[in-house]
Amino acid sequence: MSNDILLEVENLSKSFGSLKVLNSVSFSLRRGERLALIGPSGSGKSTCLRAINYLEPPSEGEIRLDGRVIGRRSDGKQMSDREMAPQRAEIGMVFQHFHLWPHLTVRDNVALQPRKVRGVKDADANKLALTLLSKVHLAHKADEAPQRLSGGQQQRVAIARALAQQPKVLLFDEPTSALDPELVSEVLNVIKELAAEGRAMVLVTHEIAFAREVADRIIFMDGGRIIEEGDAKTVLDHPTSPRLRQFLASLTLGENAHG
Amino acid sequence: MGETFPALLSQALLAGALVTVKVAAGSLAIAIALGLALAAILVLTRNRFAHGLIRLYVEALRNVPSLTFLFLLYFGLAAVGVKLSSTVAAIAGLGLIGGAVCVDIFRSGFRSVPDGQCEAAASVGLSPVTAFRLIVLPQGLRLALPSIGNYAISLLKDTSLVAAIAAPEVMFNARQLVNETFQTALIYGCAAVVYLVLTTAVAQSVLLVERRLELR
């Protein structure tokens, strides 16, 4: 086990009743690496991402962050949410539907975690929030209510909120799927800027062009399994499995159809 | 008895209104505190025993007529040596009955906060209790407010029940005056107006608070 490895996912499985949505998925993420999970709807990629911080507790398998097992005690039993909280604090998560807290200002959405989880003083937490909001180009919206922002702006606030955790890894769950087309690029640009800083991230996305540009490595999933994985350009340009070829072809068709 | 009838009437209704307000405010405070605490327990723990006890309390008080429960508290307890004043029995009785109503109001308020809100809270590393306090509670209270307002109004009207255990509120005083003067229509009419004024005041304050708390 090299020290170079940040996140390890080992034989992850998840069943809902008799439906197996994840079937023994394994992969690892190096420090600073960007990994994209792609695949058709229902392929298990979002479930896989949500299993990493136990928002969707896996039925089997193990997840290690920096060598430490996530979500399970040493006796193998699943931790309570309270026990898991410090571990989740190390994993930043950006949701498809943002999930900003509507009763707090934009600033407080970002400053809450440092204040309440990491015990940062109010003034410092506010300063940090402003710094992060400038990073996503939204410092001027600090005192607004989140629901007054556009979808793209809300998602950028959500990214700032995740950064405020000072997480070891960032998880993006289809961060642009809920956005109007003209708002997609502002969010993708912010993610690109973060990628350029060498942050470790796992991205679930439908934006193949974006995945090619940002990700070092791509995993293609279907039916709860990893079908193909490798270097981003190789996987996308020279798919070996018929299933991935078919998937990529259907996307191209879609793009052509949309003009 | 040298006093004029209008003086007697306004005195009786005013004194009654004070007791009505006292009983309503006291029992509302108990009902809300109890409802909030129990709803929080229901949301925060999976302890079956706690859930069972709370369910038992809610079902018991919801399915026994209020009057029966008030009699039990006032006359029943007196019979075994615990003598409550009629006003205390009224406040405690309506408060306990109201608690059972408020548990469900608050719980459904908390439940109506979208799952994503809690997921986001969990994902940044808030413990469940902190997440409840900072994320679910403020939003859930806002969602529960209209129902709590309706409940407060019906509680205010229900205070007329405690006339039956001789708490000297509006209806009790009105009936006494009717017995003395036989001015039935006038006295009960005035009593109705007193209730109308009180309930309107409650409805307006609830609206005011709702508007204040509205998400911009």
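Described in the following lines is the structure provided in the data block.

Cut-off values and rules
Residues numbered from 1 in each chain as written. Chains lettered and ligands numbered in written order. Predicted model: local features only at pLDDT ≥ 70, side-chain atom pairs only at ≥ 80, totals over all residues. Heavy atoms only, no water. Helix = DSSP H or I, 4+ residues; strand = E, 2+ residues; numbered from the N terminus. Rg over C-alpha atoms; globule rule 2.2 N^0.38 Å. Buried < 20%, exposed > 50% of the residue type's maximum accessible area, 1.4 Å probe, protein only. Contact = heavy atoms within 4.5 Å. Lys, Arg positive; Asp, Glu negative; His and termini not counted. Charge placed at Lys NZ, Arg CZ, Asp CG, Glu CD. Buried area = accessible area lost by both parts, 1.4 Å probe. Salt bridge = Lys/Arg side-chain N within 4 Å of Asp/Glu carboxyl O. Polar contact = N/O pair within 3.5 Å; in protein donor to acceptor, adjacent residues only side chain to side chain. Phe/Tyr/Trp six-rings, centres within 6.5 Å; stacked < 30°, edge-to-face > 60°. Lys NZ or Arg CZ within 6 Å of the ring centre and 35° of its normal. Axes fitted to C-alpha atoms, helices over the stretch in contact; angles between N-to-C directions. Left-handed = near helix turned anticlockwise from the far one by under 90°. Nonpolar A, V, L, I, M, F, W, Y, C, P; charged D, E, K, R; others polar. Parallel < 35°, antiparallel > 145°, perpendicular 65-115°, else oblique.

On to the overall build of chain A, then. For chain A, the count of helices and strands is 9 helices and 10 strands. In terms of overall size, chain A behaves like a compact globule, its C-alpha atoms giving a radius of gyration of 18 Å where 259 residues would be expected to give roughly 18 Å. Expressed as lengths along the three principal axes of its C-alpha atoms, the size of chain A is roughly 55 × 55 × 35 Å. The 259 residues of chain A split such that 54% are buried. Of the contacts made within chain A by residues no fewer than 6 positions apart, 63% connect residues no fewer than 24 positions apart. Seen as two clouds, the 34 positive and the 33 negative side-chain charges of chain A have centres 4 Å apart.

Our focus in this paragraph is the interface of chain A and chain B. Interfaces are often sized by the accessible area lost when the parts come together. Taken together, the contact pairs 25 residues of chain A with 19 residues of chain B. Both faces combined, the contact of chain A with chain B buries some 1,900 Å², and carbon together with sulfur accounts for 64% of it. Here chain A and chain B share 1 salt bridge between them. Among the salt bridges present, the one from R50 of chain A reaches E119 of chain B, with a minimum N-O distance of 2.6 Å. Where chain A packs against chain B, one counts 7 residue pairs in polar contact (both at pLDDT 80 or more).

Attention now goes to the packing of aromatic side chains. Following the criterion strictly, the structure yields 5 aromatic pairs over all chains and no others. Summarising the aromatic geometry, the rings of F220 of chain A and F247 of chain A are spaced 5.3 Å apart at their centres and angled 35 degrees between planes, so their arrangement reads as tilted. Residue F220 of chain A is located in strand β9 (residues 217-222), and its partner F247 of chain A is located in helix α9 (residues 242-257); the two are separated by 27 residues in the primary sequence. Pairing F110 of chain B with F132 of chain B gives two aromatic rings, centres 5.0 Å apart and planes at 80 degrees, and the pair type is edge-to-face. Within this pair, whereas F110 of chain B is found in helix α4 (residues 86-111), its partner F132 of chain B is found in helix α6 (residues 128-158), the two being separated by 22 residues in sequence. The class of F110 of chain B is buried, set by a relative accessible area of 5%. Given a relative accessible area of 9%, F132 of chain B falls into the buried group. One aromatic cluster in this structure is built from F71, Y74 and F75 of chain B. When the ring centre of W101 of chain A is taken as origin, the NZ or CZ atom of R161 of chain A, which lies over that ring, is 4.4 Å away.

Let's shift gears to the packing of helix α1 (residues 5-44) of chain B against helix α8 (residues 184-213) of chain B. Residue and element names in this part refer to chain B. α8 packs onto α1 with a crossing angle of 40 degrees between their chain directions and a minimal axis gap of 11 Å. Seen along the crossing, α1 lies across α8 with a hand that is right-handed. Contacts from F5, L9, L13, A17, T20 and V21 of α1 reach α8 at L186, I187, C190, A191, V194, Y195 and L198. A breakdown of the residues in the contact of α1 with α8 according to their chemical character gives 12 nonpolar, 1 polar and no charged.

The next point concerns the packing of helix α4 (residues 122-135) of chain A against helix α5 (residues 151-163) of chain A. All names here are of chain A. α5 packs onto α4 with a crossing angle of 135 degrees between their chain directions and a minimal axis gap of 9 Å. By the criterion of interaxial angle, the relationship of α4 to α5 is oblique. The chirality of how α4 crosses α5 is right-handed. In this structure, α4 uses L132, L133 and K135 to contact α5, whose residues at the interface are V157, A160 and L163. When grouped by side-chain class, the residues that make up the contact of α4 with α5 number 5 nonpolar, no polar and 1 charged.

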